[in-house]
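Each chain, written out:
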Amino acid sequence: MSGTDLPRTPQALVAQLRETVQGALQLRQSRMRASLPPGFDYGIESQRKGKQISSKIARSDRELARLFVEMFQGTGLVPTVCFCTVEDTSAASRLWGDIEARLVALDPAAAAGGTRAVKPANPTRAKSRAGGGGGFGAAPALSGGSTWKPASAVPDSAEVVFVVAPGQSQCDAVQKFCTEHGLDRLVVLLNARCLEEPPPEDADEASTQLARATGTGTAAPKARAYFDTEFKDVYAFLTDPAGKTQDPAVLIKRGVDEPWSLVSKPKVGPPRQLLQSADRPTIAAMRAAVQAKQQEGLLDALGGVFGR
């Protein structure tokens, strides 16, 4: 697959994502990260106009989690999906129906503080699916099966774990789970933006606001170092990774051992590779690559004018 082979539709992106994840599983990779754009529309949930950006981001993250859950349907393995709040967990329960997954509100701070529980949309169905002790499609042993309560840790019984848009406290809980249970448990971080590089001080206002809404770069350096070492980026498709540019740029990675590529898509012509790196490039490196390509284009234009 070429480094400049950009998916043209959400369906093509999802197909690439599934193929890449399956390849990583065949390599027995049990610590993965997947990163997609905030608010990306996968076409799973219906959208309403006028929604706040925070709601669009939550919907997109939930859709990505569902795509991963669907990869395991029929395998006999029931994924544990960890959301950051009881509200996000309740929303997924309401929208996902009878899909086989165990949902957990992984919120250690709220669990310690006794934050109120949130009732799911259909208490009767939640109770029947809980089965008295957790299991297929339900959080484990909730209060009478009628409420979602925040959990302080990833369930010890979890074999396949998807952690959706984690913050610092979720990362701490995941690190503890990974340390205690070893590499025979599959753990996937979905849109772990807190572990990414924060925007530079001179970032444009739109980038700064988006970073604030997604918690980008808010994890402690120690947590970033752990996850950068222990987890592998298996798929990334990130738009405008260096801020807004003249030609839209995308940072992509497809596969455990594949390089990172920064690709621009001019209005006319095929995509152009601006940068390739074994490690995820910094924002400064991507900016420099974009500027170098723009300068090269200017020189080519001048050469064409004076060469006539």
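One side chain can pair with another of opposite charge once the charged atoms of both are near each other. Tallied over the entire structure, the rule returns 10 salt bridges. Linking E63 and R59 is a salt bridge whose minimum nitrogen-to-oxygen distance equals 3.1 Å. Here R59 and E63 lie together in helix α2 (residues 53-71), a separation of four residues that amounts to about one turn. Neither residue differs from the other here; E63 and R59 are each classed as buried.

An order of β4-β3-β2-β5-β6-β1-β7-β8-β9-β10 is seen for the 10 strands of this open sheet, with the pairing classed as mixed. Of all the strands in the sheet, just β4 (150-151) and β10 (272-277) have a single pairing partner and so form its edges. For strand β1 (residues 31-35) and strand β6 (residues 186-190), the ladder comprises four bridges, and the chain directions are parallel. Bridged to R33 within β6 is L189. The strands touched by helix α6 (residues 168-181) are β1, β3 (102-106), β5 (160-164) and β6; relative to β6, the strand with the most contacts, the crossing angle is about 165°.

Counted residue by residue, β3 has five buried out of five residues, so it is predominantly covered. Burial along β3 is two-sided: R102, V104 and L106 and L103 and A105, pointing in opposite directions, are all buried. As a crossover connection, the stretch from strand β2 (residues 80-83) through helix α3 (residues 86-96) into β3 is right-handed.

Locating D233 in the fold gives a position in strand β7 (residues 232-239). Given the relative accessible area of 16%, D233 is considered buried. Here R33 takes part through its side chain, which lies 3.4 Å from a polar atom of the side chain of D233.

Below, the discussion takes up the pairing of strand β8 (residues 249-254). Burial of β8 is extensive: six of the six residues sit out of reach of the surface. Relative to β8, β7 runs antiparallel, the two sharing five bridges. Within β8, the position partnered with F237 by the bridge is I252. Hairpin remark: β8 followed by strand β9 (residues 260-264), antiparallel, with five residues in the connecting loop; positive phi at G255, about 115°.

Here the protein chain averages 84 in pLDDT, while 81% of its residues score no lower than 70. Counting interchain partners and residues more than four positions distant, the pLDDT-below-50 stretch residues 121-146 has 51 contacts. Across residues 298-306, where pLDDT falls below 50, the model places zero contacts with residues more than four positions away in sequence or in other chains.

With that settled, consider helix α1 (residues 10-26). Relative to the 24 Å expected for 17 residues at 1.5 Å per residue, α1 spans 24 Å between its end C-alpha atoms, a close match to the ideal helical length. Listing the buried residues of α1 in full gives L13, V14, Q16, L17, T20, V21 and A24. Down the axis of α1, the buried set is contained in an arc of 160°. They therefore lie on one face. Residues of α1 that are exposed and angled more than 90 degrees away from the buried face: Q11 and Q26. Remark: R28 follows α1 within two positions and exhibits a positive phi of approximately 60°.

Bringing the nonpolar core into the picture now. The biggest cluster of nonpolar side chains holds 39 residues, and the ones touching the most others in it are F68, V81, W96, F162 and L190. Residue contributions to this core peak at six residues, all from α2. Apart from the residues within four sequence positions on either side, L190 is in contact with A34, L64, A65, F68, F162, V163, V164, A165 and P166. Among the nonpolar cores identified, the runner-up in size contains 22 residues, and A158, V163, C171 and F177 belong to it.

What follows is about the packing of aromatic side chains. Enumeration according to the criterion identifies six aromatic pairs in this entry. When the ring of F68 is compared with that of F162, the centres are 5.5 Å apart and the planes differ by 70°; the resulting orientation is edge-to-face. Residue F68 is located in helix α2, and its partner F162 is located in strand β5; the two are separated by 94 residues in the primary sequence. By the burial criterion, F68 is buried, and F162 matches it. Cluster of aromatic residues (ring-pair linked, three or more members): F68, F72 and F162.

Moving on, we get to unusual backbone geometry. One non-glycine residue with positive phi stands out, namely A165, at about 45°. Mapped onto the fold, A165 is located in the loop between β5 and α6. Phi at N191 takes a positive value of approximately 55°, unusual for a residue other than glycine.

Conventions and cut-offs
Residues numbered from 1 in each chain as written. Predicted model: local features only at pLDDT ≥ 70, side-chain atom pairs only at ≥ 80, totals over all residues. Heavy atoms only, no water. Salt bridge = Lys/Arg side-chain N within 4 Å of Asp/Glu carboxyl O. Helix = DSSP H or I, 4+ residues; strand = E, 2+ residues; numbered from the N terminus. Buried < 20%, exposed > 50% of the residue type's maximum accessible area, 1.4 Å probe, protein only. Pairing = 2+ DSSP bridges. Contact = heavy atoms within 4.5 Å. Axes fitted to C-alpha atoms, helices over the stretch in contact; angles between N-to-C directions. Right-handed = clockwise from strand over helix to strand, strands pointing away. Polar contact = N/O pair within 3.5 Å; in protein donor to acceptor, adjacent residues only side chain to side chain. pLDDT = per-residue confidence, 0-100. Expected span 1.5 Å × (residues − 1). Arc of directions from axis to C-beta. Core = buried A, V, L, I, M, F, W, Y, C linked by side-chain atoms within 4.5 Å. Phe/Tyr/Trp six-rings, centres within 6.5 Å; stacked < 30°, edge-to-face > 60°.

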